[in-house]
Amino acid sequence: MTRTTLLQRQSISVSDFRCSAGPDDTPFVEQYRCHSVSYVRKGSFGCRCRGRCFELVAGSILVGYPGDEFVCTHDHVCGDECLSFYLSPELVQAIGDRTEVWRVGAAPPLPELMVLGELAQAAAEGRSDVGLDEVGQMFASRFVEVVSGRHRAPAPAAARDRRRAVETALWIDAHSHRAIDLEDAAAEAGLSPFHFLRLFSGVLGVTPHQYLVRSRLRHAARLLANPGISITDVAYDVGFGDLSNFVRTFHRAAGVSPRRFRQASRGLRKNFQERHALN
């Protein structure tokens, strides 16, 4: 089995697991170190935990409770791939820490969770502007709601909290050239990451990371109209740490590459100047 850590934050960490074990491999006992939810995105495996047996397929959720021992088996097929979210005690308490929810062992493929699991995978692969830490918290929170049968209706934000969201958005925009994650923005607002994510998304309609990426794109579009700055410099100046990521993200948003966007902006400016000269 190979494990790749995709994200490491104080409140949540995310790992990609790829297992090639098959029916002939001997299973072994493992132990959960913290609360976790793992989205099975490919393949199948079995799990034995506390005298219960589960068969997980693509779309299923493996649920971990601290201290519980478990054994994974591959009696039917060879291999599986999972995206696993490991949660801090503080985050679990904020989401809902009822023991009976977190000791279910596994959850079957449920549409409410599968769509978020796929969104998380898209975020992990850079195909979404939602932050991986954000969708991880959404995924864990939705899991608790679905399994417990208790939907948490968002409370109307008070004027003070709405101002917090707006002021933090302005702070994100002003510092969008820097590396900012959910915990940074939450600290600026003086809230826990989980509560800040719910507040910010509820008030402004986008997640903090979506707003960060879109702020960077807005600044990039402005700079691309300046022919004196290279596209590579634009990418790094606005906060993208990787040129290919910038090109891919800009194309997804604008429908054209940064180069084509720059060419179009030059053409529009030239046409405007020619019309102005004729007048």
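Residues numbered from 1 in each chain as written. Predicted model: local features only at pLDDT ≥ 70, side-chain atom pairs only at ≥ 80, totals over all residues. Heavy atoms only, no water.

Visitor: Before we go on, may I ask you to explain the overall build of the protein in this structure?
Guide: Scanning the protein for helices and strands turns up 11 helices and 9 strands. Dimensions along the principal axes, computed over C-alpha positions, put the protein at roughly 85 × 50 × 25 Å. Residue burial in the protein is summarised as follows: out of 279 residues, 46% are buried. Of the contacts formed within the protein by residues at least 6 apart in sequence, a portion of 70% connects residues at least 24 apart. For the protein, the exposed surface amounts to about 14,600 Å²; the carbon and sulfur share of it is 52%. (Helix = DSSP H or I, 4+ residues; strand = E, 2+ residues; numbered from the N terminus. Buried < 20%, exposed > 50% of the residue type's maximum accessible area, 1.4 Å probe, protein only. Contact = heavy atoms within 4.5 Å. Areas by Shrake-Rupley, 256 points an atom, 1.4 Å probe, with all protein chains shown as cover.)

Visitor: Just to check I follow, could you spell out the nonpolar core for this structure?
Guide: For soluble globular proteins, the rule of thumb is that nonpolar side chains tend to be buried together. By size, the foremost hydrophobic cluster in this structure holds 30 residues, and its most contacted members are Val37, Ile61, Phe85, Leu87, Trp102, Phe139 and Phe143. For this core, the secondary structure elements donating two or more residues are β2 (12–19), β4 (35–49), β6 (61–64), β8 (80–87), α1 (89–95), α2 (99–102), α3 (111–124) and α4 (132–148). With 6 residues, the top contributor of residues to this core is α4. Not counting residues within four places of it along the chain, the set of residues in contact with Phe143 comprises Val37, Val63, Val101, Trp102, Val104 and Leu113. (Core = buried A, V, L, I, M, F, W, Y, C linked by side-chain atoms within 4.5 Å.)

Visitor: Please clarify how the packing of aromatic side chains should be interpreted in this entry.
Guide: For any two aromatic rings, the description comes down to two numbers: the centre-to-centre distance and the angle of the planes. What the rule picks out here adds up to 9 aromatic pairs. Geometrically, the ring pair formed by Phe246 and Phe250 is tilted, given 5.8 Å between the ring centres and 55 degrees between the ring planes. In this pair, Phe246 and Phe250 both sit in helix α10 (residues 243–254), 4 residues apart, roughly one turn of the helix. Taking the relative accessible area as the measure of exposure, Phe246 reaches 0% and is therefore buried. Given a relative accessible area of 3%, Phe250 falls into the buried group. Between Phe250 and Phe261, the ring centres sit 5.2 Å apart and the planes meet at 75 degrees, which makes this aromatic pair edge-to-face. In this pair, Phe250 is assigned in helix α10 and Phe261 in helix α11 (residues 258–278), connecting sequence segments 11 residues apart. Pairwise contacts between aromatic rings join Phe240, Phe246, Phe250 and Phe261 into one cluster. Over the ring of Phe240 we find Arg216; its NZ or CZ atom is 6.0 Å from the centre of that ring. (Phe/Tyr/Trp six-rings, centres within 6.5 Å; stacked < 30°, edge-to-face > 60°. Lys NZ or Arg CZ within 6 Å of the ring centre and 35° of its normal.)

Visitor: I would appreciate a short explanation of the side chain of Ser84 in the present structure.
Guide: Among the secondary structure elements, Ser84 is positioned in strand β8. Side-chain polar atoms of Ser84 contact the side chain of Ser38, separated by 2.7 Å. If we skip the residues at most four places from it in the chain, Ser84 touches Ser13, Val14, Ser15, Phe17, Val37 and Ser38. (Polar contact = N/O pair within 3.5 Å; in protein donor to acceptor, adjacent residues only side chain to side chain.)

Visitor: When you look at empty space enclosed by the protein in this model, what are you seeing that I'm missing?
Guide: Rolled over the atoms, a probe sized like a water molecule indicates the empty space that remains. The full count for this structure, using the stated rule, is 1 cavity of 30 Å³ or more. Quantified by volume, the largest cavity comes out at close to 30 Å³. Residue contributions to the lining of the largest cavity peak at 3 residues, all from β4. Of the residues in the lining of the largest cavity, the class split is 2 nonpolar, 5 polar and 2 charged. (1 Å grid on protein atoms, 1.4 Å probe; cavity = no way out; pocket = protein on both sides within 12 Å on 5 of 7 lines; lining within 4 Å. Points joined across faces, edges and corners; volume = space filled by probe spheres on them. Nonpolar A, V, L, I, M, F, W, Y, C, P; charged D, E, K, R; others polar.)

Visitor: Would you mind going over the packing of α3 against α4 with me for this structure?
Guide: The angle between the axes and the distance between the axes are what describe a pair of packed helices. One way to put it is that α3 packs onto α4 with a least axis distance of 9 Å and a crossing angle of 170 degrees. Relative to α4, the element α3 lies roughly antiparallel. Crossing of α3 against α4: the hand is left-handed. Where α3 approaches α4, its residues Glu112, Leu113, Leu116, Gly117, Leu119, Ala120, Ala123 and Ala124 are matched on the opposing element by Leu132, Val135, Met138, Phe139, Arg142, Phe143 and Val146. Of the residues in the contact of α3 with α4, the class split is 12 nonpolar, 1 polar and 2 charged. (Axes fitted to C-alpha atoms, helices over the stretch in contact; angles between N-to-C directions. Parallel < 35°, antiparallel > 145°, perpendicular 65-115°, else oblique. Left-handed = near helix turned anticlockwise from the far one by under 90°.)

Visitor: Hey, could you run me through the pattern of salt bridges in this one?
Guide: If charged atoms from side chains of opposite charge come close, those side chains can pair. Scanning the model with the defined rule gives 14 salt bridges in all. In this structure, the salt-bridge partner of Glu100 is Arg98, at a minimum N-O distance of 2.7 Å. Looking at Glu100, the relative accessible area reads 49%, which means it is partly exposed. In this structure, Arg218 engages Asp173 in a salt bridge whose closest nitrogen and oxygen atoms are separated by 2.3 Å. (Salt bridge = Lys/Arg side-chain N within 4 Å of Asp/Glu carboxyl O.)

Visitor: Looking at this model, I keep getting lost on the environment of Arg178. Mind explaining?
Guide: Here Arg178 shows up in the loop between α5 (159–174) and α6 (182–189). Sequence-distant contacts of Arg178, defined by excluding residues within four places in its chain, comprise Trp171 and Arg216.

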